[in-house]
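Survey of secondary and tertiary structure
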Amino acid sequence: MTARLRVAGLRVPVGCAGMLAVALAVSGCATGAARMADARAAQDAQGALDAALSSYETLRTVAADHAYQQGYLRVVMSPEPDAVDFTAVADAAMDDLLDARSRACRQVREAAVQLRLLCEDRAAAAQSYAAAVEAMRGYSADQAATAEFRKLAAALPGDLTAARQARRIERLRVALDRAAAELAALWEQERPTWESYVETVYINQYAAGLLSLRLANFDEKELARQVNDPYRLPVKAGLFKLQRVREAAQSAAKIRTKLRQTSEAFERVAATHPDNRE
Amino acid sequence: MAGPKTTLMQRTQAAIRAYNADRARLVREAAASGGPEAAAALEEEFQALCNAAFALQRAALKRNHRRYGALLAEAGEGVLEARRLMDEGATFLAVLDGMGKAVTLLGRALLLLGK
(Lines give C-alpha, C1' and ligand atoms only; values in the text may rest on other atoms or scores of the structure.)
Protein backbone atom coordinates (compact mmCIF):
# COMPACT_ATOMS: atom_id res chain seq x y z
CA MET A 1 0.00 0.00 0.00
CA THR A 2 1.38 3.41 -0.96
CA ALA A 3 2.18 5.68 1.98
CA ARG A 4 0.37 9.01 1.71
CA LEU A 5 0.56 12.33 3.46
CA ARG A 6 -2.27 14.80 3.92
CA VAL A 7 -1.95 18.27 2.43
CA ALA A 8 -4.85 20.69 2.96
CA GLY A 9 -7.27 17.80 3.36
CA LEU A 10 -5.98 15.97 0.29
CA ARG A 11 -4.06 12.72 0.44
CA VAL A 12 -0.99 12.70 -1.78
CA PRO A 13 1.63 9.97 -2.20
CA VAL A 14 4.76 10.51 -0.13
CA GLY A 15 6.84 9.47 -3.15
CA CYS A 16 5.26 12.29 -5.13
CA ALA A 17 6.05 14.76 -2.39
CA GLY A 18 9.60 13.47 -2.26
CA MET A 19 10.08 13.81 -6.01
CA LEU A 20 8.82 17.36 -5.84
CA ALA A 21 10.82 18.23 -2.76
CA VAL A 22 12.70 21.48 -2.80
CA ALA A 23 16.41 21.14 -3.21
CA LEU A 24 18.04 22.28 -0.05
CA ALA A 25 21.24 20.55 0.90
CA VAL A 26 21.55 19.01 4.34
CA SER A 27 25.16 19.82 5.05
CA GLY A 28 24.62 23.30 6.50
CA CYS A 29 26.37 26.48 5.47
CA ALA A 30 29.68 25.38 6.86
CA THR A 31 31.72 25.91 3.69
CA GLY A 32 31.66 28.54 0.98
CA ALA A 33 30.69 25.99 -1.66
CA ALA A 34 27.89 24.60 0.48
CA ARG A 35 26.67 28.13 1.21
CA MET A 36 26.53 28.94 -2.48
CA ALA A 37 24.71 25.70 -3.28
CA ASP A 38 22.22 26.29 -0.48
CA ALA A 39 21.64 29.88 -1.54
CA ARG A 40 21.04 28.73 -5.12
CA ALA A 41 18.65 26.01 -3.96
CA ALA A 42 16.75 28.48 -1.80
CA GLN A 43 16.56 30.81 -4.78
CA ASP A 44 15.13 28.01 -6.94
CA ALA A 45 12.54 27.31 -4.26
CA GLN A 46 11.72 31.01 -4.15
CA GLY A 47 11.33 30.99 -7.95
CA ALA A 48 8.92 28.05 -7.85
CA LEU A 49 6.84 29.69 -5.12
CA ASP A 50 6.82 32.96 -7.08
CA ALA A 51 5.50 31.03 -10.08
CA ALA A 52 2.78 29.43 -7.94
CA LEU A 53 1.79 32.81 -6.49
CA SER A 54 1.63 34.29 -9.97
CA SER A 55 -0.57 31.39 -11.13
CA TYR A 56 -2.93 31.86 -8.19
CA GLU A 57 -3.18 35.59 -8.99
CA THR A 58 -3.98 34.79 -12.62
CA LEU A 59 -6.63 32.29 -11.57
CA ARG A 60 -8.20 35.07 -9.52
CA THR A 61 -8.91 37.01 -12.74
CA VAL A 62 -10.87 34.14 -14.27
CA ALA A 63 -14.06 34.88 -12.27
CA ALA A 64 -14.20 38.47 -13.56
CA ASP A 65 -13.79 37.26 -17.16
CA HIS A 66 -16.55 34.74 -16.51
CA ALA A 67 -18.94 37.40 -15.18
CA TYR A 68 -18.36 39.55 -18.29
CA GLN A 69 -18.63 36.65 -20.74
CA GLN A 70 -21.81 35.23 -19.24
CA GLY A 71 -23.33 38.71 -19.00
CA TYR A 72 -22.46 39.19 -22.68
CA LEU A 73 -24.15 35.92 -23.64
CA ARG A 74 -27.23 36.73 -21.55
CA VAL A 75 -27.58 40.05 -23.36
CA VAL A 76 -27.08 38.74 -26.91
CA MET A 77 -29.37 35.73 -26.34
CA SER A 78 -32.18 37.60 -24.61
CA PRO A 79 -35.44 38.56 -26.34
CA GLU A 80 -35.24 41.75 -24.23
CA PRO A 81 -31.54 42.59 -24.36
CA ASP A 82 -31.98 46.08 -22.96
CA ALA A 83 -33.87 44.72 -19.93
CA VAL A 84 -31.92 41.55 -19.12
CA ASP A 85 -30.18 41.31 -15.76
CA PHE A 86 -26.67 40.54 -16.98
CA THR A 87 -25.39 40.28 -13.40
CA ALA A 88 -27.51 37.18 -12.77
CA VAL A 89 -24.80 34.70 -13.75
CA ALA A 90 -23.07 31.77 -12.06
CA ASP A 91 -20.48 32.67 -9.44
CA ALA A 92 -17.05 31.44 -10.55
CA ALA A 93 -15.10 33.09 -7.73
CA MET A 94 -12.56 30.87 -5.95
CA ASP A 95 -11.17 33.66 -3.79
CA ASP A 96 -11.28 31.87 -0.43
CA LEU A 97 -9.42 28.87 -1.84
CA LEU A 98 -6.90 31.03 -3.69
CA ASP A 99 -6.34 33.20 -0.60
CA ALA A 100 -5.50 30.15 1.54
CA ARG A 101 -3.04 28.76 -1.03
CA SER A 102 -1.39 32.12 -1.66
CA ARG A 103 -0.98 32.72 2.07
CA ALA A 104 0.77 29.36 2.52
CA CYS A 105 3.05 29.99 -0.49
CA ARG A 106 3.99 33.47 0.75
CA GLN A 107 5.02 32.13 4.16
CA VAL A 108 7.22 29.40 2.71
CA ARG A 109 8.62 31.84 0.14
CA GLU A 110 9.61 34.21 2.95
CA ALA A 111 11.45 31.36 4.69
CA ALA A 112 13.30 30.57 1.43
CA VAL A 113 14.25 34.24 1.00
CA GLN A 114 15.59 34.43 4.55
CA LEU A 115 17.52 31.16 4.19
CA ARG A 116 19.17 32.52 1.04
CA LEU A 117 20.11 35.75 2.85
CA LEU A 118 21.40 33.71 5.76
CA CYS A 119 23.75 31.81 3.43
CA GLU A 120 24.81 34.90 1.46
CA ASP A 121 25.31 37.39 4.27
CA ARG A 122 26.71 35.87 7.44
CA ALA A 123 26.72 39.24 9.24
CA ALA A 124 22.93 39.23 9.19
CA ALA A 125 22.61 35.46 9.76
CA ALA A 126 20.97 35.64 13.18
CA GLN A 127 18.34 38.10 11.95
CA SER A 128 17.62 36.07 8.79
CA TYR A 129 17.41 32.86 10.78
CA ALA A 130 14.86 34.34 13.20
CA ALA A 131 12.78 35.66 10.29
CA ALA A 132 12.90 32.28 8.54
CA VAL A 133 11.79 30.46 11.69
CA GLU A 134 8.96 32.93 12.13
CA ALA A 135 7.83 32.31 8.54
CA MET A 136 8.00 28.55 9.08
CA ARG A 137 5.86 28.86 12.20
CA GLY A 138 3.40 30.97 10.24
CA TYR A 139 3.09 28.21 7.65
CA SER A 140 2.81 25.66 10.46
CA ALA A 141 -0.42 27.36 11.61
CA ASP A 142 -1.81 27.16 8.09
CA GLN A 143 -4.30 24.43 7.19
CA ALA A 144 -2.07 23.38 4.28
CA ALA A 145 0.67 22.21 6.66
CA THR A 146 0.78 18.52 7.60
CA ALA A 147 1.10 17.20 11.16
CA GLU A 148 4.60 16.04 10.26
CA PHE A 149 5.62 19.53 9.21
CA ARG A 150 4.08 21.02 12.36
CA LYS A 151 6.32 18.77 14.47
CA LEU A 152 9.38 19.90 12.49
CA ALA A 153 8.43 23.57 12.88
CA ALA A 154 7.69 23.24 16.60
CA ALA A 155 11.15 21.75 17.16
CA LEU A 156 12.97 24.65 15.47
CA PRO A 157 14.99 26.71 17.98
CA GLY A 158 14.06 30.39 17.82
CA ASP A 159 17.56 31.86 17.73
CA LEU A 160 20.86 31.16 16.05
CA THR A 161 23.61 30.61 18.60
CA ALA A 162 27.24 30.54 17.47
CA ALA A 163 27.89 27.14 19.03
CA ARG A 164 25.22 25.21 17.18
CA GLN A 165 24.83 27.30 14.08
CA ALA A 166 25.33 24.61 11.44
CA ARG A 167 22.97 22.19 13.14
CA ARG A 168 20.20 24.76 13.56
CA ILE A 169 20.50 25.86 9.94
CA GLU A 170 20.31 22.22 8.91
CA ARG A 171 17.06 21.75 10.86
CA LEU A 172 15.63 24.90 9.33
CA ARG A 173 16.58 23.66 5.89
CA VAL A 174 14.90 20.29 6.46
CA ALA A 175 11.72 22.06 7.59
CA LEU A 176 11.77 24.34 4.54
CA ASP A 177 12.42 21.35 2.32
CA ARG A 178 9.36 19.64 3.74
CA ALA A 179 7.07 22.69 3.54
CA ALA A 180 7.96 23.38 -0.08
CA ALA A 181 7.52 19.71 -0.99
CA GLU A 182 4.03 19.79 0.51
CA LEU A 183 3.08 22.85 -1.52
CA ALA A 184 4.53 21.29 -4.66
CA ALA A 185 2.52 18.11 -4.06
CA LEU A 186 -0.63 20.16 -3.45
CA TRP A 187 -0.01 22.06 -6.68
CA GLU A 188 0.32 18.88 -8.72
CA GLN A 189 -2.72 17.33 -7.05
CA GLU A 190 -4.89 20.33 -7.84
CA ARG A 191 -3.59 21.37 -11.24
CA PRO A 192 -6.08 19.19 -13.19
CA THR A 193 -8.96 20.88 -11.31
CA TRP A 194 -7.58 24.34 -12.09
CA GLU A 195 -7.19 23.32 -15.76
CA SER A 196 -10.78 22.11 -15.76
CA TYR A 197 -11.91 25.39 -14.16
CA VAL A 198 -10.26 27.41 -16.95
CA GLU A 199 -11.74 25.13 -19.62
CA THR A 200 -15.18 25.48 -18.01
CA VAL A 201 -15.11 29.28 -17.99
CA TYR A 202 -13.56 30.12 -21.37
CA ILE A 203 -14.62 27.20 -23.54
CA ASN A 204 -17.49 25.22 -22.10
CA GLN A 205 -19.60 28.04 -20.72
CA TYR A 206 -18.61 30.82 -23.15
CA ALA A 207 -17.12 29.78 -26.51
CA ALA A 208 -19.65 26.95 -26.87
CA GLY A 209 -22.49 29.46 -26.35
CA LEU A 210 -21.17 31.75 -29.08
CA LEU A 211 -21.42 28.88 -31.55
CA SER A 212 -25.19 28.74 -31.17
CA LEU A 213 -25.66 32.30 -32.50
CA ARG A 214 -27.23 32.58 -35.95
CA LEU A 215 -27.36 35.37 -38.50
CA ALA A 216 -30.70 36.47 -37.01
CA ASN A 217 -28.87 37.40 -33.81
CA PHE A 218 -26.70 39.97 -35.62
CA ASP A 219 -27.24 43.45 -36.98
CA GLU A 220 -26.31 42.80 -40.61
CA LYS A 221 -24.89 46.24 -41.38
CA GLU A 222 -22.78 46.21 -38.23
CA LEU A 223 -21.65 42.65 -38.94
CA ALA A 224 -20.55 43.67 -42.47
CA ARG A 225 -18.52 46.50 -40.95
CA GLN A 226 -16.90 44.30 -38.29
CA VAL A 227 -15.84 41.50 -40.68
CA ASN A 228 -13.80 42.72 -43.64
CA ASP A 229 -13.47 39.42 -45.48
CA PRO A 230 -15.30 39.47 -48.84
CA TYR A 231 -17.99 36.89 -48.11
CA ARG A 232 -21.76 36.71 -47.83
CA LEU A 233 -23.35 37.68 -44.54
CA PRO A 234 -23.85 34.11 -43.19
CA VAL A 235 -20.12 33.54 -43.74
CA LYS A 236 -19.30 36.83 -42.02
CA ALA A 237 -21.42 35.70 -39.06
CA GLY A 238 -19.42 32.47 -38.89
CA LEU A 239 -16.13 34.35 -39.16
CA PHE A 240 -17.16 36.78 -36.43
CA LYS A 241 -17.91 33.87 -34.10
CA LEU A 242 -14.62 32.22 -35.09
CA GLN A 243 -12.75 35.35 -34.06
CA ARG A 244 -14.49 35.52 -30.66
CA VAL A 245 -13.99 31.80 -30.01
CA ARG A 246 -10.31 32.19 -30.92
CA GLU A 247 -9.92 35.02 -28.42
CA ALA A 248 -11.48 32.87 -25.69
CA ALA A 249 -9.27 29.90 -26.59
CA GLN A 250 -6.18 32.15 -26.50
CA SER A 251 -7.12 33.46 -23.03
CA ALA A 252 -7.51 29.89 -21.77
CA ALA A 253 -4.24 28.79 -23.39
CA LYS A 254 -2.36 31.68 -21.80
CA ILE A 255 -3.51 30.66 -18.33
CA ARG A 256 -2.82 26.97 -18.96
CA THR A 257 0.73 27.89 -20.02
CA LYS A 258 1.20 29.67 -16.72
CA LEU A 259 -0.04 26.61 -14.80
CA ARG A 260 2.36 24.38 -16.75
CA GLN A 261 5.27 26.75 -16.10
CA THR A 262 4.57 26.55 -12.37
CA SER A 263 4.74 22.75 -12.53
CA GLU A 264 8.01 23.03 -14.44
CA ALA A 265 9.43 25.40 -11.81
CA PHE A 266 8.61 22.86 -9.06
CA GLU A 267 10.11 20.08 -11.20
CA ARG A 268 13.34 22.04 -11.67
CA VAL A 269 13.62 22.39 -7.91
CA ALA A 270 12.95 18.69 -7.39
CA ALA A 271 15.66 17.85 -9.95
CA THR A 272 18.30 19.61 -7.86
CA HIS A 273 17.23 17.93 -4.63
CA PRO A 274 20.13 16.02 -3.02
CA ASP A 275 18.24 12.74 -3.44
CA ASN A 276 17.83 13.30 -7.18
CA ARG A 277 21.29 14.59 -8.09
CA GLU A 278 23.46 12.46 -10.39
CA MET B 1 -12.91 3.66 -14.13
CA ALA B 2 -13.87 7.21 -13.21
CA GLY B 3 -15.33 7.76 -9.72
CA PRO B 4 -18.85 9.14 -9.18
CA LYS B 5 -17.54 12.65 -8.57
CA THR B 6 -15.60 12.67 -11.84
CA THR B 7 -18.55 11.16 -13.68
CA LEU B 8 -20.91 13.77 -12.24
CA MET B 9 -18.54 16.56 -13.26
CA GLN B 10 -18.18 15.16 -16.78
CA ARG B 11 -21.94 14.83 -17.16
CA THR B 12 -22.56 18.33 -15.84
CA GLN B 13 -20.00 19.75 -18.26
CA ALA B 14 -21.53 17.76 -21.13
CA ALA B 15 -25.01 19.09 -20.26
CA ILE B 16 -23.67 22.65 -20.21
CA ARG B 17 -22.01 22.16 -23.61
CA ALA B 18 -25.18 20.63 -25.04
CA TYR B 19 -27.33 23.54 -23.83
CA ASN B 20 -24.82 26.09 -25.10
CA ALA B 21 -24.64 24.42 -28.52
CA ASP B 22 -28.38 25.02 -28.92
CA ARG B 23 -28.74 28.01 -26.62
CA ALA B 24 -29.94 30.59 -29.15
CA ARG B 25 -32.70 28.29 -30.45
CA LEU B 26 -33.87 27.27 -26.98
CA VAL B 27 -34.05 30.86 -25.74
CA ARG B 28 -35.82 32.00 -28.92
CA GLU B 29 -38.35 29.19 -28.61
CA ALA B 30 -38.93 29.94 -24.92
CA ALA B 31 -39.55 33.62 -25.70
CA ALA B 32 -41.93 32.78 -28.55
CA SER B 33 -43.85 30.34 -26.41
CA GLY B 34 -43.90 31.93 -22.94
CA GLY B 35 -42.56 35.44 -23.42
CA PRO B 36 -39.44 37.02 -21.92
CA GLU B 37 -40.21 35.48 -18.51
CA ALA B 38 -39.96 31.96 -19.92
CA ALA B 39 -36.70 32.82 -21.68
CA ALA B 40 -35.33 34.29 -18.43
CA ALA B 41 -36.43 31.20 -16.44
CA LEU B 42 -34.60 28.93 -18.90
CA GLU B 43 -31.42 31.01 -18.73
CA GLU B 44 -31.54 31.15 -14.93
CA GLU B 45 -31.85 27.37 -14.73
CA PHE B 46 -28.81 27.16 -16.98
CA GLN B 47 -26.89 29.52 -14.68
CA ALA B 48 -27.81 27.23 -11.76
CA LEU B 49 -26.29 24.32 -13.68
CA CYS B 50 -23.14 26.40 -14.28
CA ASN B 51 -23.05 27.24 -10.56
CA ALA B 52 -23.20 23.53 -9.77
CA ALA B 53 -20.18 22.91 -12.02
CA PHE B 54 -18.17 25.50 -10.10
CA ALA B 55 -19.37 24.10 -6.76
CA LEU B 56 -18.17 20.64 -7.82
CA GLN B 57 -14.77 22.10 -8.68
CA ARG B 58 -14.63 23.86 -5.31
CA ALA B 59 -15.51 20.58 -3.59
CA ALA B 60 -12.69 18.84 -5.50
CA LEU B 61 -10.29 21.49 -4.25
CA LYS B 62 -11.44 21.08 -0.68
CA ARG B 63 -11.42 17.37 -0.01
CA ASN B 64 -12.34 13.90 -1.15
CA HIS B 65 -15.88 12.85 -0.39
CA ARG B 66 -15.96 9.09 -0.67
CA ARG B 67 -19.11 8.64 1.44
CA TYR B 68 -21.49 10.21 -1.01
CA GLY B 69 -20.98 8.00 -4.03
CA ALA B 70 -24.61 6.92 -4.27
CA LEU B 71 -25.92 10.47 -4.18
CA LEU B 72 -23.40 11.60 -6.75
CA ALA B 73 -24.45 8.74 -9.01
CA GLU B 74 -28.11 9.75 -8.68
CA ALA B 75 -27.28 13.36 -9.52
CA GLY B 76 -25.23 12.08 -12.46
CA GLU B 77 -28.26 10.26 -13.82
CA GLY B 78 -30.34 13.45 -13.54
CA VAL B 79 -27.77 15.46 -15.47
CA LEU B 80 -27.49 12.72 -18.10
CA GLU B 81 -31.24 12.84 -18.63
CA ALA B 82 -31.17 16.65 -19.01
CA ARG B 83 -28.44 16.34 -21.58
CA ARG B 84 -30.38 13.65 -23.49
CA LEU B 85 -33.30 16.06 -23.78
CA MET B 86 -31.00 18.75 -25.18
CA ASP B 87 -29.33 16.38 -27.62
CA GLU B 88 -32.71 15.19 -28.90
CA GLY B 89 -33.79 18.75 -29.62
CA ALA B 90 -36.59 18.59 -27.06
CA THR B 91 -38.86 21.56 -26.46
CA PHE B 92 -37.67 24.24 -24.13
CA LEU B 93 -40.29 23.14 -21.56
CA ALA B 94 -38.88 19.62 -21.46
CA VAL B 95 -35.32 21.00 -21.26
CA LEU B 96 -36.36 23.39 -18.48
CA ASP B 97 -37.95 20.54 -16.54
CA GLY B 98 -34.92 18.27 -17.06
CA MET B 99 -32.46 20.97 -16.00
CA GLY B 100 -34.60 21.76 -12.95
CA LYS B 101 -34.50 18.13 -11.79
CA ALA B 102 -30.76 17.88 -12.43
CA VAL B 103 -30.06 21.08 -10.51
CA THR B 104 -32.16 19.85 -7.56
CA LEU B 105 -30.22 16.57 -7.41
CA LEU B 106 -26.91 18.41 -7.75
CA GLY B 107 -27.94 20.78 -4.96
CA ARG B 108 -28.67 17.88 -2.63
CA ALA B 109 -25.30 16.27 -3.44
CA LEU B 110 -23.45 19.54 -2.90
CA LEU B 111 -25.16 20.14 0.43
CA LEU B 112 -23.77 16.84 1.64
CA LEU B 113 -20.39 17.57 0.10
CA GLY B 114 -20.23 20.57 2.41
CA LYS B 115 -19.93 23.14 -0.37
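Note that the structure is a prediction, hence the values are computed from the model and not measured.

Helices and strands together make up the secondary structure of chain B, namely four helices and zero strands. The buried share among the 115 residues of chain B stands at 49%. Within chain B, contacts between residues separated by at least 24 positions form 80% of all contacts whose residues are at least 6 apart in sequence.

The next point concerns the interface of chain B and chain A. Many descriptions give the size of an interface as the accessible area lost when the pieces come together. Taken together, the contacts link 26 residues of chain B with 28 residues of chain A. Counting residues per element, the ones that place at least two in the side of chain B that touches chain A are helix 1 (4–21) and helix 2 (23–62) of chain B. Broken down by element, the side of chain B that touches chain A gets its largest block of residues, 19 residues, from helix 2 of chain B. A per-class count over the side of chain B that touches chain A returns 12 nonpolar, five polar and nine charged.

The subject of this paragraph is the environment of A:Val245. Residue and element names in this part refer to chain A. Note on placement: Val245 falls in helix 8 (residues 233–271). Distance in space between the C-alpha atoms of Val245 and Ala271 is 38 Å, their sequence separation being 26 residues. Excluding anything up to four places from it in sequence, Val245 contacts Ala207 and Leu210.

Looking now at the environment of A:Ala83. Residues and elements named next belong to chain A. Within the fold, Ala83 resides in the loop between helix 2 (32–77) and helix 3 (95–120). Using a count of 10 C-beta atoms within 10 Å as the deciding quantity, one classes Ala83 as exposed. As for Ala83 and Gln226, which are separated by 143 residues in sequence, their C-alpha atoms are 25 Å apart.

Attention shifts here to the confidence of the model for chain B. All names here are of chain B. With 82% of its residues at a pLDDT of at least 70, chain B reaches an overall mean of 81. Note that residues 64–68 has pLDDT below 50 and, in this model, six contacts with residues that lie over four places away or in other chains. Across the whole predicted complex the pTM is 0.79, and at the interface the ipTM reaches 0.79.

What counts, and at which threshold
Residues numbered from 1 in each chain as written. Chains lettered and ligands numbered in written order. Predicted model: local features only at pLDDT ≥ 70, side-chain atom pairs only at ≥ 80, totals over all residues. Helix = DSSP H or I, 4+ residues; strand = E, 2+ residues; numbered from the N terminus. Buried ≥ 20, exposed ≤ 12 C-beta atoms within 10 Å, placed from the backbone. Contact = placed C-beta atoms within 7 Å. Nonpolar A, V, L, I, M, F, W, Y, C, P; charged D, E, K, R; others polar. pLDDT = per-residue confidence, 0-100.

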